[in-house]
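Analysis of the macromolecular model
Here is what each chain is made of, one letter per residue.
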Amino acid sequence: MSDPHPLPTSFRKAAAAIGRCVLPATTILVGVLITACSRPATPPPVAPVAVKERVPESPPVAPVEPSTGPVWFTDVTAVSGVDFVHRSGDSPDKPFPSANGSGLGAIDFDLDGRHDLVFVSGVPFPVDELSGHKSARCYRNRGGWRFDDVTEQCGLRYARYGHGVAVGDHDGDGFPDLFLTGYGGDILFHNRGDGTFEPSGPATGLDDGRWSSSAAFVDADGDGLLDLYVCRYGKWTPETNRFCGDKVAGRRLFCSPLTVEPEPDVLRRNNGDGTFSDVTAAAGVDGRPGRALGVIAADIDGDGNVDLYVANDMNPNSLWLGDGKGAFRDSSDMSGTAYDHEGRVKSSMGVDLADTGNRGQIDIMVTDFQGEANLFFAGSPGGIFRDVSDTSGAGSPSLPYVSWGIQFADFDLDGWDDAVIANGHVGDDRHKTGDSALLQQLPLFLRNERGRFREPARDQLGPFFLTKHQGRGVTAVDLDNDGDHDLALNHRDEPASLLRNDRGHPQQEGRTSSVLRLIGTAGNRDSIGAVVTMTAGDQIRTGHVKGGGGYQSSRDQRVLFSLSADGPPPSFSVRWPGGRVTPLPGIDGGGQWLVIEPATPDAAPTVLREAPPR
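As the structure is a computational prediction, the values presented were derived from the model and not from experiment. (Residues numbered from 1 in each chain as written. Predicted model: local features only at pLDDT ≥ 70, side-chain atom pairs only at ≥ 80, totals over all residues. Heavy atoms only, no water.)

What follows deals with the sheet that holds strand S35 (residues 539-544). If you trace the four strands from one edge of the open sheet to the other, you get S35-S34-S38-S39, paired in antiparallel fashion. The open sheet has two free edges, formed respectively by S35 and strand S39 (581-583), since each of these has just one partner strand. Neighbour-to-neighbour, the strand axes of the sheet open up by a mean angle of 20 degrees, direction not taken into account. Bridge count between strand S34 (residues 531-536) and S35: six bridges; the pairing is antiparallel. Each bridged residue has a counterpart across the sheet, and for Ala536 the counterpart in S35 is Gln539. (Pairing = 2+ DSSP bridges. Helix = DSSP H or I, 4+ residues; strand = E, 2+ residues; numbered from the N terminus. Axes fitted to C-alpha atoms, helices over the stretch in contact; angles between N-to-C directions.)

This is the structure:
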């Protein structure tokens, strides 16, 4: 088409048994039938600058439009048992990290077929790990939209300032692990496979005590083991915290990001023995320090190797193209994704990517500050991106907001990926300076109408989208296994939210979905970097298995495609990490499917229909 942009115990043991080996077909059928198996950056100013000085005038929020029909999303938080409340650690001293809030992660940690949720939170400054603060909580999904707080039982003991959650099976044992980032250092929680986590120690090589934000698991060198790309924000301590605002009047605000010296991100190679090594310089990703807040790993240029895109706050964004052997090439400026279309540096925070135009090309959306339109880069076959924020419909609706979390998903199962964005300001006393911007802001939903984004009426979306929040992290995850994406959100200094998707399956007449859960054998077990292509008649759609993404959060890694009940039969293929393409002839309709990568070039993938619990 033309470019539109101008478990039970037996269940767990069977899943883990797949490990990194190839099993005979009979063993697989018995054991894994339902397994979870340009222009330089702006230099820092001489004097401290308050955030207010970078906020341009922005249009008011559009009034709510009347509509009829059922709501898209139902807020089920009150009945779910998820009682998490985020704490930012904000105080009259305005400690900078407390402005950024925290994310969350979707993880089926017990392999019962239902995705559980992990939320992280801040703590008061100075950070004291012996204080008894609990800055991470784990909620086990019991089905039927009921969750149990199992933080203590599963051993998720974390008392640092929490920012980000990354999910990945770092040792390939079949059980997803957790990597938590924040101020004061990072911790890897190894999933023991018995419903508990074991925190990593200094010997792991992951914790150097620096300030981290987002992270992404990524097999950078193609050895089948997941490495870690960790975003570093900058150099800051409570002792060096500057005063920004009006000292005479006693009006203190959060300082501008320009007052925080950026620090380089770090790439840590998985050594395969439970330890990691810093290979940042050797991999070539050490040249762009930028106050990183978001990172996503996927095959962006379509060469079969996993790449990285990094969203930086008031520094140029970064695009690193991987060679599959552990080295990366800086394509930030050449690709057109470092700046907006006028060559300006943005206050970038969250990032996600998808083939929003159904034309076989990745598009990238990056969230930004109030008065700065969110960036939307449309991809092209030559690896060049165009900033079409204005013409795509993605940019102008974001102008009134400070945007953070971003998730692409086909929420209404119409075959086009929509976007949901969490918004909220950075300070609770901006009115003292005459700034009319509100701390709590409305979330933003952009419906994809054949490659162009439009805002549906808010009352059609549901009461949640009529309510203002201090939005930060958001993740798209099918929490009830009904074949569509639901939403979980972590708000700054507020209770979390869970939204059930009632617009997709089963209420959307005439449509269903195929959900593919990929397991790698020749490559990394999570299949991060894989691309699934669905062809139905003259329609071609692609879905990506991504590491990281959004804002300090991790999402459901299953790949979902909507299907028309009366449309042509679909066919599927997978381009696995490394570039090998295999057809999937066994998928003959809707439902959830387990796809196991063949370990040899002449073998076919194993495809099994799953029946995940609701």
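This is not the end of the story, as more comes after the structure.
This model, assessed by the stated rule, comprises 40 salt bridges. Lys134 is the partner of Glu152 in a salt bridge, and the nearest nitrogen-oxygen pair spans 3.2 Å. In this pair, Glu152 is assigned in helix H4 (residues 151-154) and Lys134 in the loop between strand S3 (116-120) and strand S4 (136-143), connecting sequence segments 18 residues apart. Accessibility expressed as a relative area gives 38% for Glu152, which makes it partly exposed. Lys134 gets classed as exposed once you look at its relative accessible area, which sits at 57%. Taking the shortest distance from any N to any O, the salt bridge between Arg268 and Asp208 comes out at 3.1 Å. One end of the pair, Arg268, is in strand S16 (residues 266-270); the other, Asp208, is in the loop between strand S9 (197-199) and strand S10 (212-218), and 60 residues separate them in sequence. Take Arg268: its relative accessible area is 6%, and that puts it in the buried class. (Salt bridge = Lys/Arg side-chain N within 4 Å of Asp/Glu carboxyl O. Buried < 20%, exposed > 50% of the residue type's maximum accessible area, 1.4 Å probe, protein only.)

A word on empty space enclosed by the protein. Taken as a whole, the second largest cavity spans an internal volume of roughly 350 Å³. Asp417, Thr542, Gly543, Val559 and Leu560 are the residues nearest the centre of the second largest cavity, which is lined by 25 residues in total. Listing elements by their share of the lining of the second largest cavity, those giving two or more residues are strand S22 (351-354), strand S26 (403-409), S35 and strand S37 (559-564). Class assignment for the residues of the lining of the second largest cavity results in nine nonpolar, eight polar and eight charged. Summarising the domain contributions, the lining of the second largest cavity has at least three residues from each of domain 1 (102-501) and domain 2 (511-609). (1 Å grid on protein atoms, 1.4 Å probe; cavity = no way out; pocket = protein on both sides within 12 Å on 5 of 7 lines; lining within 4 Å. Points joined across faces, edges and corners; volume = space filled by probe spheres on them. Nonpolar A, V, L, I, M, F, W, Y, C, P; charged D, E, K, R; others polar. Domains from an automatic or database assignment.)

What the four strands build is an open sheet, ordered S6-S7-S8-S9; its pairing is antiparallel. Each edge of the open sheet is held by one strand with a lone partner, namely strand S6 (161-168) and S9. Shown here is a sheet whose adjacent strand axes are inclined to one another by a mean of 25 degrees, direction ignored. Looking at chain direction, strand S7 (residues 177-183) and strand S8 (residues 187-191) are connected through three bridges and run antiparallel. Note on S8: the bridge partner recorded for Phe179 is Leu188.

With that settled, consider the layout of surface pockets. In this structure, the largest pocket encloses a volume near 500 Å³. What lines the largest pocket is a set of 24 residues, and nearest its centre among them are Ala536, Asp538, Gln539, Ile540 and Arg541. The set of elements that each furnish at least two residues to the lining of the largest pocket consists of S34, S35 and S37. Taken together, the residues of the lining of the largest pocket break down into nine nonpolar, eight polar and seven charged. For the lining of the largest pocket, the domains that each give at least three residues are domain 1 (102-501) and domain 2 (511-609).

Take unusual backbone geometry next. In this structure, Pro126 follows Phe125 across a cis peptide bond, with omega equal to 0 degrees. Mapped onto the fold, Pro126 is located in the loop between S3 and S4. Here the phi dihedral of Trp145 falls at roughly 60 degrees; this positive angle occurs in a residue that is not glycine. Structurally, Trp145 is set in the loop between S4 and strand S5 (146-149). For Trp145, a relative accessible area of 9% gives the class buried. For Asn358, which is not a glycine, the phi torsion comes out positive at approximately 50 degrees. Of note, Asn358 is situated in the loop between S22 and strand S23 (363-366).

Further remarks concern the packing of aromatic side chains. For the structure shown, the criterion picks out 23 aromatic pairs. Ring geometry for Tyr183 against Trp211: centres 6.0 Å apart, planes inclined by 75 degrees, an arrangement best described as edge-to-face. Taken as a pair, Tyr183 in strand S7 and Trp211 in the loop between S9 and S10 lie far apart in primary sequence, 28 residues in all. Here Tyr183 and Trp211 have matching classes, each one buried. Measuring from centroid to centroid gives 6.1 Å for Phe445 and Phe465, while their planes differ by 90 degrees, and the two rings are edge-to-face. One end of the pair, Phe445, is in strand S28 (residues 444-449); the other, Phe465, is in the loop between helix H8 (458-461) and strand S30 (471-477), with 20 residues separating them in the sequence. For the pair formed by Phe445 and Phe465, the shared burial category is buried. Taken together, the ring pairs in this structure connect Phe96, Phe125, Tyr161, Tyr183, Trp211, Tyr233 and Trp236 into an aromatic cluster. Sitting above the plane of the Trp404 ring, Arg472 keeps its charged end 4.0 Å from the centroid. (Phe/Tyr/Trp six-rings, centres within 6.5 Å; stacked < 30°, edge-to-face > 60°. Lys NZ or Arg CZ within 6 Å of the ring centre and 35° of its normal.)

So yeah, pure geometry; function would need other evidence.
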